[in-house]
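Spelled out from the first residue to the last, the chains are:
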Amino acid sequence: MRVVIAEDLALLRDGLIRLLEAHGMQVVEAVDNGPSLLRALLTHRPDVAVVDVRLPPDHTDEGLRTAIEARRQVPGLPVLILSQYVEQLYARELLAAQEGGVGYLLKERVSDVAQFVDAVRRVADGGTAMDPEVVHQLLSKRAHDEPLSRLTAREHEVLTLMAEGRTNAAIAARLSVTLKAVDKHVGNIFLKLGLPASEDDNRRVLAVLAYLEK
């Protein structure tokens, strides 16, 4: 798996390189600014890009804007965004294009190596990896909406894990319930939220997040 990394902090950038290469991935280039990131993405067209939101020269949302521009030129380019804080606008902009794997994680998640590597692989495979805290804030913002209020406590748990990008099998394992039970919960969630059911994991996550962002 070929990876491009964009991170302006040298220590974290070197750490990401070592971590990903230790798990069998090839870091084809690691950059520290927006213009270099765009060049690297268009040149290498990697299997996945791991991108810090804030990069030079602006130190605002240069990384995100560059990733979005690269996805315009290379449709479906998988991008995993790293951010210091929960910034819902960034998550919304990234998820606006419903083609290719996307992810949004807080930087603190990198310390959980298994979770981080799983997120990178999931995005590279065309899936979605949303930070649990981002999902929590999106759900909290909509908690009093009538459709969400009709969900049971267990359906809320399933919805949260589904919005993070988990498959039904992964949700079943996390909650220690049967796959059949999860399938039923997911069907009830889509029914109560008025969303079309989908067999495509990435599309169903995007559908849920689109609903939460209304």
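Residues numbered from 1 in each chain as written. Predicted model: local features only at pLDDT ≥ 70, side-chain atom pairs only at ≥ 80, totals over all residues. Heavy atoms only, no water.

Going by the annotation in an unreviewed UniProt entry, the name recorded for the protein chain is Response regulator transcription factor, with Phytoactinopolyspora halotolerans given as the source organism.

A. Layout of the overall build of the protein chain. Per the secondary structure count, the protein chain includes 11 helices and six strands. A globule of 214 residues ought to have a C-alpha radius of gyration of about 17 Å, and the protein chain, at 17 Å, matches this closely. Summarising its shape, the C-alpha atoms of the protein chain cover approximately 50 × 30 × 30 Å along the three principal directions. Counting every position in the protein chain, which comprises 214 residues, the buried fraction comes to 50%. The contacts of the protein chain with a sequence gap of at least 6 include a subset with a gap of at least 24, amounting to 64%. Surface summary for the protein chain: the accessible area is close to 9800 Å², and the carbon and sulfur share equals 52%. The distance from the centre of the 26 positive side-chain charges to the centre of the 31 negative ones in the protein chain is 4 Å. (Helix = DSSP H or I, 4+ residues; strand = E, 2+ residues; numbered from the N terminus. Rg over C-alpha atoms; globule rule 2.2 N^0.38 Å. Buried < 20%, exposed > 50% of the residue type's maximum accessible area, 1.4 Å probe, protein only. Contact = heavy atoms within 4.5 Å. Areas by Shrake-Rupley, 256 points an atom, 1.4 Å probe, with all protein chains shown as cover. Lys, Arg positive; Asp, Glu negative; His and termini not counted. Charge placed at Lys NZ, Arg CZ, Asp CG, Glu CD.)

B. Molecular detail of the pattern of salt bridges. For the coordinates displayed, the defined rule picks out 14 salt bridges. With its nearest N and O atoms 2.8 Å apart, the salt bridge here joins Asp58 to Arg65. (Salt bridge = Lys/Arg side-chain N within 4 Å of Asp/Glu carboxyl O.)

C. Molecular detail of the nonpolar core. Grouped together as the largest cluster of nonpolar side chains are 45 residues, with contacts concentrated most on Leu37, Val79, Ile81, Leu159 and Met162. Residue-level mapping places this core at the junction of two domains, with at least three residues from each of domain 1 (2-140) and domain 2 (147-213). Sequence-distant contacts of Met162, that is, excluding residues within four places in its chain, are made with Ile171, Val186, Ile189, Phe190, Arg204, Val205 and Val208. In terms of nonpolar packing, the next biggest core, distinct from the first, is built from 20 residues, Leu20, Val50, Leu80 and Leu105 among them. (Core = buried A, V, L, I, M, F, W, Y, C linked by side-chain atoms within 4.5 Å. Domains from an automatic or database assignment.)

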